[in-house]
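Architecture and fold: a report
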Amino acid sequence: MLVRCDRPGPARHGRPCRVSYRVSPKQRLFDLLSTRCSPSWIHISETRLHSAWAVRLANSTDLRGDPAVPAPPGTSALLYTRPARDNPLETGSLAAVPHMHAFAAHTSQMFDFPECLTRSARLVVPRIAERGLAFTFDVDVPSLPVRGDLETARRSLHWLLQGALGLIDAGLLAIHGSVNDKGLPTVRIAGAGALVTGQRLASALDELALSPPALSDRTLFVARGHCPVALGPLVLIHDTAEGFVLDATLPFVWTGEPAPRLPSAQGAVAWVRLPENSRSAVFKRRLQRLGWKVVLFNPETAITDAVGRLSSEQPALLLAHERQPSLDADVMNWLSLPVASDVHRVLAVPLGHPALEQLSSTYLLQALPFSPHDLACLTAAHEPNFDVTSLPAALTGAIPTPSLLIVDDNLVNQVVMAAMAETMGYSAIQADNGQQGLDLCLQSPPSAVLMDVNMPVMDGIEATRHIRALQRSGVMAPFPILGTSADATPDNASACLAAGMDTFITKPLMIADVAAQLRRLSLDAPKWANWS
C-alpha cells in the first residue's frame, strides 16, 4: 500500500517536500508517521493485494483520533483512494476515511441542524433544477440545536444529497429533515420517477457506500451501510418500479434546549405561485404551521385568478418560485400585482440563478429552499409584538465572518483582491498557486474561492478538479469557485467551467462584477450592496 504525504521542510522548485512510503500489512501506519514525518495531509493509495487490509486500517481506532495515539501536529486530512484506471482525484473515486480528522483534534460546537440542512440543500438544488427534477423540502422541527463538528455535518450532508441525486434520472426528489426518538437528526430523501438501472445503479450504490444484495432480477431490495464522513447509518429501500427511500441518521447530539416560540401570521393570507403541483402541498404545510392562510395559484392562470380575487381578498404575502434561468413576464407581473405597498413580495430561485446578481428594491430575493428561519422572519412582521432577536442564535443561523480564498501568483492581484474581499465583508486568505490553495481548502474550507487560471506548481484548472473530487467524496465541504483570468478567449472560459468552476470573470476584476457573482453563487453573500 502506498502512502504519500507532505514532509516538513523547505520547498524544492516551488513544490512541497512530497515523499512516498511503501507500507506492508504488518506495519502500522501511525508508527510510520510518528517516526518519519509530520504531514499536513496523508494520501493512502490502495492496491488490489492489500484492499481488505487498507479498509480495516482506514476504519481502525488508531486512525480515528484514539487518545492513546500521539497525533502528528498539523495533520488536517486523511485521504483514501480505491484503484482506478485514471487519476483517482480526477475520476471522483476518492473517498473519505471515516471523518476528515484522523490524527486531528475533534472540534465540537453547537449549531442548528435544520439551518445546516437547508444550506446544504441550497448547494444541490441548482443541479436538481438543471436536470429538470421536481423537488420538495421540509423540516419537522423549526430548530434543533445539536453539538458536533459543523464541517463534518456540511460534508456528510453534501455527500448524501449528491449521492441520492445519482439514483434518479427524472421525476421528484423529496428532502425531509427530522429528529428521532434518541434526539439524533435524521434525513430522509425519497425519489419517484425514472430511476437509474444496471451499471449506473451499481455505481450510484458504490458512491453511497451501500452494499446491496445481487441486483440481477430483483426490482425491490434493501441496502445498508454507513456514511463514510460522519459514520452514521444509512438504509436504502429501492424499488425500480416505484422509487426509493434513503434514510440517514447523523451522530450529532441534541443539546436539550427547548424549541423556541415562533411567530404566528394569525390567519394572514399568503398568495403563492409555484411551478410544480408536486411540491405545493409541502410548501403550503410549512406556511400553515406558522399560521398563514395559503392560497395556491396555477402558474398558467395565476394573474387572471389573482386579479379576480383582489376585490374580495387582500394578501399579506406575495410569493413566487421560479427555476428557469430567465424570468418570464408572468413572474414579473405576479410580483407587480396591485396590492398594498406594505405587502411582502418574495421571489425564490435556485442558487446560481441570474436574478440573484441584481438587487431589487421592489421584492425580496431568496435562494431555495426556505429555511425555518427565513419563514419565521417573513411571519414575524405579522405578529406586532414578536421580536425577531428573541429567536435563539442557533435558529438565526449566526456564522463567523465568511472568508474569501484568493489563489493568484501575482502580488498586486492579491493585494487588490484582498481589499475587495474586505470591502465586501469577507476575511481574505491568500495562496500563491493551486497547490497552496488546495492545502488551505483542506485545512479550512472558505466561503468561496477566487481562482486564477495560469499559475506555477499547480494551475487553477487542476486545483479545481482536485477540489471538486474531494467535495464529491465528502472529504471537503462545498463552496463556489470563481475563475479569473486575463485570457478572455471562449476556450479558456470553457475549460474553467468544464473543470468545475462555477463562473468565469475576466481580469482586471471590478468589485461590482465579483460581488454580483458572489450574490448569485455563495451561501454567504457580500455584506455591502453597491459600488461605483
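The structure this text deals with has already been given above.
Residues numbered from 1 in each chain as written. Predicted model: local features only at pLDDT ≥ 70, side-chain atom pairs only at ≥ 80, totals over all residues. Heavy atoms only, no water.

**Comments concerning the overall build of the protein**
We apply this condition: The secondary structure listing takes helices from DSSP runs of H or I that are at least 4 residues long and strands from runs of E that are at least 2 residues long, numbered from the N terminus. Residue burial is assigned from relative accessible area. The probe radius is 1.4 Å, only protein chains are included, and a residue is buried under 20% of its type maximum, exposed over 50%, and partly exposed in between. By the convention used here, residues are in contact when the closest approach between their heavy atoms is within 4.5 Å. For the accessible areas, the method is Shrake-Rupley and the probe is 1.4 Å, while residue cover comes only from the protein chains on display.
In terms of regular secondary structure, the protein is built from 16 helices and 25 strands. Buried residues in the protein amount to 53% of all 532 residues. Partitioning the contacts of the protein with sequence separation of at least 6, the portion at a separation of at least 24 is 69%. Within the structure as shown, the protein displays about 23,000 Å² of accessible surface, and the carbon and sulfur contribution to it stands at 53%.

**A short note on the sheet that holds strand 20 (residues 364–367)**
Stated formally: Two strands qualify as a pair provided that DSSP identifies no fewer than 2 bridges between them. To obtain an axis, a line is fitted to C-alpha atoms, over the contacting stretch when the element is a helix, and the angle between two such axes runs from 0 to 180 degrees between their N-to-C directions.
Strand order in this open sheet of 5 strands is 17-16-18-19-20, and the pairing throughout is parallel. The open sheet has two edge strands, strand 17 (293–297) and strand 20, and neither has a second partner. On average, adjacent strands in this sheet sit at an angle of 20° to one another, irrespective of strand direction. When strand 16 (residues 269–273) meets strand 18 (residues 317–321), the two strands line up parallel, connected through 4 bridges. Across the sheet, residue Arg 273 finds its bridge partner in strand 18, namely Ala 320. Across the sheet, helix 8 (residues 302–309) touches strand 16 and strand 17, and the angle it forms with strand 17 is around 140°.

**A word on the sheet that holds strand 21 (residues 403–407)**
Taken together, the 5 strands give an open sheet; going across it, the order is 22-21-23-24-25, and neighbouring strands pair in parallel fashion. Among the strands making up the open sheet, the edge pair consists of strand 22 (427–431) and strand 25 (503–506). The average undirected angle you get between the axes of adjacent strands in this sheet is 25°. Sheet topology places strand 24 (residues 481–485) next to strand 25; 4 bridges connect them, and they run parallel. In the strand pairing of strand 25, Leu 482 is matched with Thr 503.

**As for helix 12 (residues 411–423)**
How we decide: Expected span of a helix: the number of residues minus one, times 1.5 Å. The arc in question is the one traced by the directions running from the helix axis out to the C-beta atoms. Each polar contact in these results corresponds to two N or O atoms within 3.5 Å; when the atoms are within protein, one needs to be able to donate a hydrogen and the other to accept it, and residues that are neighboring in sequence are counted only if both atoms are side-chain atoms.
In a regular helix each residue adds 1.5 Å, so 13 residues correspond to 18 Å; helix 12 covers 19 Å between its end C-alpha atoms and thus fits that length. Of all the residues in helix 12, the buried ones are Gln 414, Met 417, Ala 418, Met 420 and Ala 421. The buried residues of helix 12 all sit within an arc of 160° when viewed along its axis, so they share a single face. Exposed residues on helix 12 whose side chains face more than 90 degrees from its buried face are Val 412, Val 415 and Glu 422. Where helix 12 is buried, its residues meet strand 21, strand 22, strand 23 (448–452), strand 24 and helix 16 (511–521). Its side-chain oxygen placed 2.8 Å from the backbone nitrogen of Val 412, Asn 410 serves as the N-cap of helix 12.

**Examining the packing of aromatic side chains**
Geometrically, a pair of aromatic rings is defined through the distance of the ring centres and the angle of the planes. Here is the rule: Aromatic pairing here means that ring centres of Phe, Tyr or Trp (its six-membered ring) are within 6.5 Å. Orientation follows from the plane angle: under 30 degrees is stacked, over 60 is edge-to-face, and everything else is tilted.
Counted by the stated rule, this structure contains 5 aromatic pairs. With 5.2 Å between their ring centres and 55° between their planes, Trp 271 and Phe 297 make a pair best called tilted. One end of the pair, Trp 271, is in strand 16; the other, Phe 297, is in strand 17, and 26 residues separate them in sequence. Comparing Trp 271 with Phe 297, the two get one shared label, buried.

**Quick word on the pairing of strand 24**
Under the convention used in this document: Here, the term right-handed applies to a crossover whose path from the first strand over the helix to the second runs clockwise when the strands point away from the viewer.
For strand 24, the tally of buried residues reaches 5 of 5 residues, placing the bulk of the element in the interior. Residues Ile 481, Gly 483 and Ser 485 of strand 24 are buried on one face, and the alternating residues Leu 482 and Thr 484, pointing to the opposite face, are buried as well. One ladder, built from 4 bridges, connects strand 23 with strand 24; its direction is parallel. Each residue of the ladder has a partner; that of Asp 452, found in strand 24, is Thr 484. As a crossover connection, the stretch from strand 23 through helix 14 (residues 460–472) into strand 24 is right-handed. Each parallel crossover has a hand, and for strand 24 linked through helix 15 (residues 490–499) to strand 25 it is right-handed.

**Topic: helix 15**
Of the residues making up helix 15, those classed as buried are Asn 492, Ala 493, Cys 496 and Ala 499. Seen along its axis, helix 15 keeps its buried residues to an arc of 130°; they face one direction. Exposed side of helix 15, more than 90 degrees from the buried face: Pro 490, Asp 491 and Ala 498 are the residues found there. Residues of helix 15 that are buried in the fold lie against helix 14, strand 24 and strand 25. Directly beyond the C-terminal end of helix 15, a positive phi value near 120° is found at Gly 500.

**Remarks on the side chain of Thr 379**
Looking at where Thr 379 falls in the secondary structure, it is placed in helix 10 (residues 372–380). When its relative accessible area of 0% is taken as the criterion, Thr 379 is described as buried. Of note is the side chain of Thr 379, whose polar atom sits 2.9 Å from the side chain of Trp 292. One polar contact links the side chain of Thr 379 to the main-chain carbonyl oxygen of Leu 375, over a distance of 2.7 Å. Excluding residues that lie within four positions of it along the chain, Thr 379 makes contacts with Pro 263, Ser 264, Ala 265, Leu 290 and Trp 292.

**Considerations on the pattern of salt bridges**
Pairing of side chains with opposite charge becomes possible as their charged atoms draw close. Filter applied, for reference: We count a salt bridge whenever a side-chain nitrogen from Lys or Arg sits within 4 Å of a carboxyl oxygen from Asp or Glu.
Under the counting rule described, the total for this entry stands at 16 salt bridges. Here Asp 374 ties to Arg 122 by a salt bridge, and the two come within 2.5 Å at their closest N and O atoms. Of the two residues, Asp 374 is situated in helix 10 and Arg 122 in helix 4 (residues 113–130); the sequence distance between them amounts to 252 residues. Take Asp 374: its relative accessible area is 17%, and that puts it in the buried class. For Arg 122, a relative accessible area of 11% gives the class buried. Here the salt bridges share partners, and the residues they tie into one network are Asp 138, Arg 285, Arg 286 and Arg 289.

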